[in-house]
Amino acid sequence: MNEQEWYETVAQLSCHKELGKKLPKALYLHRSALSETAPDFFSWIHQKATNSGIPEQHWNIVRLHKDCFKITLLYYPDFYDEAYPSLHFSYGLDFASEKIKPTDFTSSTNPPILHRKEHMILPSAPNHADFCEITREGEATGLYENTRIIGFRNSWETLIKGKGYELLDGRLFRRAAIDLIEPQTQHKVDRHKTALSRDSLSSPMKTLANNGYLKGQYTLFDYGCGHGDDLSELQAHGITASGWDPNWRPEGEKTEGDLVNLGYVINVIEDLEERVDAVLGAWCLTGKLLVISAMIASEQHIRKFKPFKDGVLTSRNTFQKYFSQTELQIFIEQILDEEPIPVAPGIFYIFKDKDEEQLYLANKQRRRPQWKQLVHKSRPTSNKKRLLEENRQLLENFWQRCLELGRLPTADEFEESKLLAAQIGSPKQAFNLLKGEADIQALDQAAKERTEDLQVYFALQQFNKKRIYKHMPDPLKRDIKAFFGDYKTAVAEARGLLFSLAEPNLIDQMCELAHQQLPASILNHNHSLIIHSRFINDLPPPLRIYAGCATQLFSETDGVDLVKIHIRSGKLTLMTYEGFTTQPIPMLRERVKINLRQRTVDFFDYGYGDYDPQPLYWKSRLIDASFPDYDKQQSFDKRLSGLNIPERAEGHGPSLENLTTLLRMNHGLTIKGYRFFRAQSAIAPS
């Protein structure tokens, strides 16, 4: 079956009045209904699932995508036994890009659940009448008034209780009169206390700044701006920014913005419908990009609080809805029917402007070379010399733009193109003038690096989801033509790189190569490579793709200190430390382990006592001279090495408490900053 036949078949099935649960972009069917209605189509899907290694007993619902050549196979083991069964497994099969995306919900405490089961089976099926009755009960009690808030188990059960019912043996029963009003529904949350004052940009705003969106070219609206600290900082930089907050800036007007920030708002709203309305309201105001962020926490941390509705109450009588990264992503997808892009833990980008989305994803892979002044190599003729001397700065700017692009810029890619045309001529003429003056090898190297950057970008597109738009941004078209010749060649090269990651020996070789080339790293032979996140884009392309595939399941590496690439197990670990840039022995705060093969994410929080604090020793092996206090760190590590402090693998050593005891007992020393002092006086440095 080709793509055109796919769309025709799905369209025919969607026209069937009594078949399938119909959504704007998808049709849901139980496998029994599909096999009876379209046996050949079912056999084709069944064969595709088998060839992809999906166990037959692990799917019973098929989601047929109407807008792309893709299916999602879902497994609800209690489809017939429970009124609202929970999802256990999901497998996305993208036939265009030939990839599979599995997701395991079996360990989730808040999995997606299924409603309106009667639409997914045939009217002649034995259970059809019972399923219809279950749905009628839900409709009669008002449970389907807002379908955007009923997708997960916790919110569904909270809604049922709020309506004065309970679910018993799969059916709704009116609760006793004394229990009709839950004590928690009478509790008033101090929502105004959730807005915190800051003296720096919030985390979502920092991601916008780091990605070049806060240079003044876009307007911004902060939906739920709190005290307005972000707005004050942005306005001080000349950025057109406004905001609204129901508690602190209710008089603010809700206006459209190129960029809209919904920063840590939905996690403090205890009302489910209001939470959804906030997302929809922010999306309606968005011109190009919506940023949504919410609190992420481990189950151990959440259990420390008093449960309230689908979240918890804090000691300040504020509400917090803690999400997992996957839960937040699905929540956004269900409301907006858009694919959010993870940027950091708890922070997602949702692009309304799809051209802007492509440019963002491509630019994430672009390396930023250190520019060099032009090298004068030959004695120019008098006319050439005059042009060079009179336009030295203009030509310097032009050459740096060439190095940034890896090719000659077009007129709209160079800010001073009009001046260049008036003084010298076309970009090609300017380039010819610079021959013999500029380091042409530097441009060749820039072209090579840009080609690799684009290979990584297209490979990650293949891994995540093939994005087909009506047209591609012009800068990307020019890059493809300059470095690959055509789009088909670019994708073929990228796909080859992506598929090569299945070979552990290649990962091993690339880690060895990276360890030789990078300015700093720790290589545990045949096991793992540890680097600072600053060096991600300096890795060989296969490792950049490896890391990119993993971070697409959780977040970008912005804000992460160390990245550990596991050579054999198909995993990537992201580590964030307290005081990484300011302390000689930083302490591990968060660790995120991403399993590429199983597509699972494990989050370990070291800041709330869930796990023992873990110090990082010998930090100088992971940084270079571009980091602050590099020389101090080197001296500190050299002195510490001479004290025979026991060390375990990967830089692990004793706890700070044990280190303090060892230094005092064995050497009479104590540490202050990057210096060692005599323990008795703690004054004179040693």
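Residues numbered from 1 in each chain as written. Predicted model: local features only at pLDDT ≥ 70, side-chain atom pairs only at ≥ 80, totals over all residues. Heavy atoms only, no water.

Caption draft 1: Up close: the overall build of the protein chain. From N to C terminus, the protein chain includes 22 helices and 25 strands. By the burial criterion, 53% of the 686 residues in the protein chain qualify as buried. The long-range share in the protein chain, meaning contacts at least 24 apart out of those at least 6 apart in sequence, stands at 61%. (Helix = DSSP H or I, 4+ residues; strand = E, 2+ residues; numbered from the N terminus. Buried < 20%, exposed > 50% of the residue type's maximum accessible area, 1.4 Å probe, protein only. Contact = heavy atoms within 4.5 Å.)

Caption draft 2: Examining the side chain of Asp-624 more closely. As for its position among the elements, Asp-624 is in the loop between β23 (600–605) and α21 (630–641). As a buried residue without a salt bridge, Asp-624 has its nearest oppositely charged side chain in Arg-534, at a separation of 4.8 Å. Here the side chain of Asp-624 touches Ser-626 through a polar contact of 2.5 Å, side chain to side chain. Contacts of Asp-624, omitting those with residues within four sequence positions, involve Pro-519, Phe-535 and Tyr-630. (Lys, Arg positive; Asp, Glu negative; His and termini not counted. Salt bridge = Lys/Arg side-chain N within 4 Å of Asp/Glu carboxyl O. Polar contact = N/O pair within 3.5 Å; in protein donor to acceptor, adjacent residues only side chain to side chain.)

Caption draft 3: Summary view of the packing of helix α19 (residues 504–517) against helix α20 (residues 541–552). Running from N to C, α19 and α20 cross one another at 110 degrees; their axes reach a closest spacing of 9 Å. By the criterion of interaxial angle, the relationship of α19 to α20 is roughly perpendicular. You can see that α19 and α20 cross each other, and the crossing is left-handed. Packed against α19, whose contacting residues are Ile-507, Met-510, Cys-511 and Ala-514, the element α20 presents Pro-542, Leu-543 and Tyr-546 at the interface. By residue class, the composition of the contact of α19 with α20 is 7 nonpolar, no polar and no charged. (Axes fitted to C-alpha atoms, helices over the stretch in contact; angles between N-to-C directions. Parallel < 35°, antiparallel > 145°, perpendicular 65-115°, else oblique. Left-handed = near helix turned anticlockwise from the far one by under 90°. Nonpolar A, V, L, I, M, F, W, Y, C, P; charged D, E, K, R; others polar.)

Caption draft 4: Region of interest: empty space enclosed by the protein. Applying the stated criterion across every chain yields a total of 4 cavities of 30 Å³ or more. Of all the secondary structure elements, the ones that give two or more residues to the lining of the largest cavity are α8 (272–284) and α10 (325–336). Looking at the lining of the largest cavity residue by residue, the class counts come to 6 nonpolar, 4 polar and 5 charged. (1 Å grid on protein atoms, 1.4 Å probe; cavity = no way out; pocket = protein on both sides within 12 Å on 5 of 7 lines; lining within 4 Å. Points joined across faces, edges and corners; volume = space filled by probe spheres on them.)

Caption draft 5: Expanded view of the sheet that holds strand β3 (residues 61–65). Here 6 strands make up an open sheet; going across it, the order is β1-β2-β3-β4-β5-β6 and the pairing antiparallel. For this open sheet the edge positions go to β1 (21–23) and β6 (99–104), each flanked by a neighbour on one side alone. Geometrically, the sheet is characterised by an average inter-axis angle of 15 degrees between neighbouring strands, direction not taken into account. Sheet topology places strand β5 (residues 89–94) next to β6; 6 bridges connect them, and they run antiparallel. (Pairing = 2+ DSSP bridges.)

Caption draft 6: Fine view of the sheet that holds strand β14 (residues 311–313). The strand order across the open sheet formed by 3 strands is β13-β14-β15, and the pairing between neighbours is antiparallel. With partners counted over all chains shown, the strands left at the sheet margins are β13 (306–308) and β15 (319–320), one partner each.

Caption draft 7: A look at the pairing of strand β10 (residues 241–244). Note that strand β9 (residues 220–223) and β10 share 4 bridges and pair parallel. Looking at the pairing, Tyr-223 lines up with Trp-244 of β10.

Caption draft 8: Structural context of the pattern of salt bridges. Tallying each qualifying case throughout the model produces 19 salt bridges. Of the charged contacts in the structure, one is a salt bridge between Lys-354 and Glu-357, with a shortest N-O distance of 3.9 Å. Placement of the pair is Lys-354 and Glu-357 together in helix α11 (residues 354–363), with a separation of 3 residues, close to one helical turn. In this structure, Glu-452 engages Lys-448 in a salt bridge whose closest nitrogen and oxygen atoms are separated by 2.8 Å. Here the residue Glu-452 and the residue Lys-448 both occupy positions in helix α16 (residues 440–464), the gap between them amounting to 4 residues, near one helical turn. Using a relative accessible area of 44% as the deciding quantity, one classes Lys-448 as partly exposed. Overlapping salt bridges, with partners in common, bring together Arg-407, Asp-412, Glu-413, Arg-450, Arg-478 and Asp-479 in one network.

Caption draft 9: Structural context of the packing of aromatic side chains. Throughout the structure, instances matching the rule amount to 33 aromatic pairs. Pairing Tyr-144 with Trp-156 gives two aromatic rings, centres 6.0 Å apart and planes at 45 degrees, and the pair type is tilted. Remark: Trp-156 occurs in helix α5 (residues 153–162) and Tyr-144 occurs in the loop between α4 (128–140) and α5; sequence separation between them is 12 residues. Taken as a pair, Tyr-144 and Trp-156 share a single burial class, namely buried. Look at Phe-535 and Phe-627: their rings are 6.2 Å apart centre to centre, the planes differ by 65 degrees, and that puts the pair in the edge-to-face class. Here Phe-627 lies in the loop between β23 and α21 and Phe-535 lies in the loop between β19 (528–532) and α20, a separation of 92 residues in the sequence. (Phe/Tyr/Trp six-rings, centres within 6.5 Å; stacked < 30°, edge-to-face > 60°.)

Caption draft 10: Looking closely at the nonpolar core. By size, the foremost hydrophobic cluster in this structure holds 84 residues, and its most contacted members are Leu-208, Tyr-213, Tyr-349, Leu-539, Leu-543 and Ile-545. Here the element with the most residues in this core is α16; it accounts for 8 residues. One finds Trp-244, Val-260, Leu-262 and Val-265 within the second-largest nonpolar core, a separate group that totals 52 residues. (Core = buried A, V, L, I, M, F, W, Y, C linked by side-chain atoms within 4.5 Å.)

Caption draft 11: Here's a closer look at the pairing of strand β2 (residues 26–30). Most of β2 is tucked away, with 5 of its 5 residues classed as buried. The side-chain alternation of β2 yields two buried faces, one formed by Ala-26, Tyr-28 and His-30 and the other by Leu-27 and Leu-29. Bridging between β1 and β2 involves 3 bridges; their strand directions are antiparallel. Bridge pairing links Lys-21 to Tyr-28 in β2. Taken together, β1 and the strand that follows it, β2, pair antiparallel across an intervening segment of 2 residues. Sheet analysis places β2 next to β3, joined by 5 bridges and oriented antiparallel. By the bridge assignment for β3, Tyr-28 is matched with Arg-63.

Caption draft 12: Region of the structure containing helix α7 (residues 229–236). Looking at α7, one finds that the buried residues are Asp-230, Leu-231 and Leu-234. Across the axial projection of α7, the buried residues extend over an arc of 95 degrees, all falling on one side. If you follow the buried residues of α7, they end up packed against α6 (203–210), β9 and β10. With its phi angle positive at about 80 degrees, Gly-238 sits one or two positions after the end of α7. (Arc of directions from axis to C-beta.)

Caption draft 13: How the structure looks around helix α17 (residues 474–483). Every buried residue of α17 is accounted for by Leu-476, Asp-479, Ile-480 and Phe-483. Mapping the buried residues of α17 onto a view down its axis gives an arc of 100 degrees, with all of them on the same face. One or two positions beyond α17, positive phi appears at Gly-485, with a value near 95 degrees.

Caption draft 14: Layout of the confidence of the model for the protein chain. On average, residues of the protein chain carry a pLDDT of 82, and 86% of them reach 70 or more. Summarising per-element confidence for the protein chain, the mean pLDDT is lowest in strand β8 (residues 171–174) (57) and highest in strand β12 (residues 286–293) (95). Throughout residues 194–199 the model reports pLDDT below 50, and contacts reaching past four residues in sequence, or to other chains, amount to 14 contacts. Confidence over residues 371–378 falls short of pLDDT 50; this stretch has 21 contacts with residues more than four positions distant or in other chains. (pLDDT = per-residue confidence, 0-100.)

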